[in-house]
Amino acid sequence: MQEPVCTSRVAFCQLVSFLWKCCLYTPWCALFLILCPLLWAAELSLIPYAIGKFLDCLHPRVSYQEVLGPVLIFFSALLMVLFSYRLFNYMIGIRMVPKLRSRLAGLGLQGVFNMPYSALKEELPGKISGKISDLPKVIPELLEMFCWKVLAPLIALTLSLILLSQKDKIFALITFFWAVLFITGNLVMVPYLIQRSANFAQYGNQILGVISDSVLNVFTVKIYTSEEKEENYLQQNCKKGEKSERQLQWAYFFLHLCLSLLYVITLTVTLYVAFHRFKKGKISIGDLAVVMNLNLGISHVLWESSFEFSRIAQHLGRMKQVLEMFYVPPKFIQNFPEKGQKNVKAVIFQHPPSVRFDHVTFSYSQEVSLFENLCLTINAGEKVGLVGYSGAGKTSFVQLMLGLYPAHSGKILVNDIPINDMNLQFFYQNITFISQNPQFFRRTIWENLIYGSENATLERVNYACKQAGIFDRIQGLPNGYQTLLEDQGAPLSGGEKQRLSIAKAFLRNSPLLILDEVTAQQDALTEQSIQLALHELMKNKTSIVIAHRLKVVTLIDRLFVFNNGKIVQTGPHHLLLQQNGLYKKLWEAQNSLTSLTR
Ligand SMILES: Nc1ncnc2c1ncn2[C@@H]1O[C@H](COP(=O)(O)OP(=O)(O)OP(=O)(O)O)[C@@H](O)[C@H]1O
């Protein structure tokens, strides 16, 4: 199994800039995120200040009437501050967080769809889901923690320093130096903690990926009675996660130990200096109360926040994991133009297009090249078949044509336009691809049928299903088109699913058709009728048919015979049979196999 690698491709400032962008989704509520800590900090600093004032007023010559006025004004101001900060806090929870969560869920999925297919294929699906489901969970919490555990203590510290410096400069200086040491200690550790947390989160997602992989393959696990093996495999992955969690916890332990020592030293120094100065008559009893309260209060707040730093770092680490997934390694980058970009070829072909591979070189790995200087032309409206040994490069050819992998050199042109100049979303509107393992959403048959042909009428859907030979089967189901397709397309059989995807192709009716072994799972009689339907489907289209069963391609205009990434023969079926080449060998092998099994 591939080890999860945690590289540092997303810098701290990128994390902060992403958080900032998230705030801008709901700018008014983001303002509350700043106002709340401000009011909270004001409350925290004003109470000790008020107590100090009150104590100083406890003098025999000062009457109650004189004290009552300022005290009433102070308490009503305090009440307003408290009330508004609670209100703002609820506004964040009611208005900002739910909206932000929905947007982030969408953003996560959008990020995944923006990734090149080749990069996506390298990740476990469960791992990807784990990562993107982290976004709506982590970011609102992170924003709140940032406000309450970073911004609020910093504002409180500033206010306290201002008030302290008015009372006694020495205390202000002690608090200032302590705060600088404290914040520096935290800041030094933050990048390290984020990286450690990102490693830990990476293992967490890897575990999710392993679990979902086992669940997806539950049939194989049961049939091979491999439940224990799967558990052990999971435990191996968990062990690596345990190690990275332990490293993270040690780092926190060390940080908290240092900060706690610093806290105790500061408290002792403050207490000593406070009593010393009071005894010498340099500060009043009220000042002493203010100084002690402010100093102890702010020290405590900062010290407590440092414990939250671990959670902030953990959340930043998880967020880094998600953003790193969206970072596409250069080997996968293809730079297809975006929809709104200048000079983008928004090509919707009205007629069947031609396809040309112009000296294309491609390989999956650096060691072995699959295609070298491959040149090939498929004329507009032509029907071609790709045949050859298994592993010869037929699927890779189609994947390159669809822009799913980048060619290392050479050009792939559709209607003489390089596919790299086209926006893929436009390009794909011209194409229908039927795979040998059709995939369906866990939605109704109707929803699956009209996926990509949203304006289809019932009449057209009926026609498409009849052509594909699946109409009667669907009508026979109790809920007809409204039948929900369960996991992996149940209640339809493999062959029925293939026919359903052929019906989709009839509906879509696009000028470029790619069929990948579409009759592989049909019985002989159904295959014959589907062959006829496919010939109907291929009319007025440029069609590429991948086939192992050569009977499927006997009526095709031209065949390309692949061997080790090279085209070793081209021509129609009857001409290739006259040559003593690979095609004849394959044909004879298939026919002798058929006669053997008869
Ligand atoms: N994602 C990948 N990473 C690395 N190698 C790959 C990848 N996909 C395919 N290959 C290799 O590239 C070669 C061509 O594979 P491809 O799937 O194109 O062959 P094919 O002719 O379509 O085979 P089949 O008829 O069995 O489907 C094979 O050797 C295969 O192992």
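Conventions used here
- Residues numbered from 1 in each chain as written.
- Predicted model: local features only at pLDDT ≥ 70, side-chain atom pairs only at ≥ 80, totals over all residues.
- Heavy atoms only, no water.
- Axes fitted to C-alpha atoms, helices over the stretch in contact; angles between N-to-C directions.
- Helix = DSSP H or I, 4+ residues; strand = E, 2+ residues; numbered from the N terminus.
- Parallel < 35°, antiparallel > 145°, perpendicular 65-115°, else oblique.
- Contact = heavy atoms within 4.5 Å.
- Nonpolar A, V, L, I, M, F, W, Y, C, P; charged D, E, K, R; others polar.
- Near = heavy atom within 4 Å.
- Polar contact = N/O pair within 3.5 Å; in protein donor to acceptor, adjacent residues only side chain to side chain.
- UniProt positions renumbered as here; feature names shortened; annotations may be inferred.
- Pairing = 2+ DSSP bridges.

Bringing the packing of helix 1 (residues 12-23) against helix 5 (residues 125-167) into the picture now. Helix packing geometry: the angle between the two helix axes and the distance between the axes. It is the contact of helix 1 with helix 5, at a shortest axis distance of 11 Å, that shows an interaxial angle of 90 degrees. By the angle between their directions, the pair helix 1 and helix 5 is classed as roughly perpendicular. The segment helix 1 lies against helix 5, with Phe-18, Leu-19, Cys-22 and Cys-23 engaging Leu-135, Ile-139, Leu-142 and Leu-143. Residues of the contact of helix 1 with helix 5, tallied by class, amount to 8 nonpolar, no polar and no charged.

Further remarks concern the site of the ligand. Taken together, Tyr-364, Leu-370, Tyr-389, Ser-390, Gly-391, Ala-392, Gly-393, Lys-394, Thr-395, Ser-396, Tyr-405 and His-548 make up all the residues around the ligand. Note that an oxygen atom of the ligand is positioned 2.6 Å from one of the side-chain N or O atoms of Ser-390. Separating an oxygen atom of the ligand from a side-chain N or O atom of Ser-396 is a distance of 2.4 Å. Residues of the shell around the ligand, tallied by class, amount to 5 nonpolar, 6 polar and 1 charged.

Note that Glu-588 resides in helix 18 (residues 582-597). With 11 residues separating them along the chain, Glu-588 and Leu-577 place their C-alpha atoms 9.4 Å apart.

Our focus in this paragraph is the UniProt feature "transmembrane region" (unreviewed entry) in the protein. UniProt records the feature "transmembrane region" (unreviewed entry) for residues 28-51, 71-92, 146-164, 170-194 and 250-273 in the present numbering. A distance of 35 Å separates the end C-alpha atoms of residues 28-51, which is 100% helix and 0% strand. Regarding residues 146-164, the helix share stands at 100% and the strand share at 0%, and the terminal C-alpha atoms are separated by 25 Å.

As a further point, take the pairing of strand 10 (residues 566-571). Sheet analysis places strand 9 (residues 558-563) next to strand 10, joined by 5 bridges and oriented antiparallel. Across the sheet, residue Val-561 finds its bridge partner in strand 10, namely Gln-569. Connecting strand 9 to the antiparallel partner strand 10 that follows it, the hairpin turn spans 2 residues, and Asn-564 within it adopts a positive phi of roughly 50 degrees.

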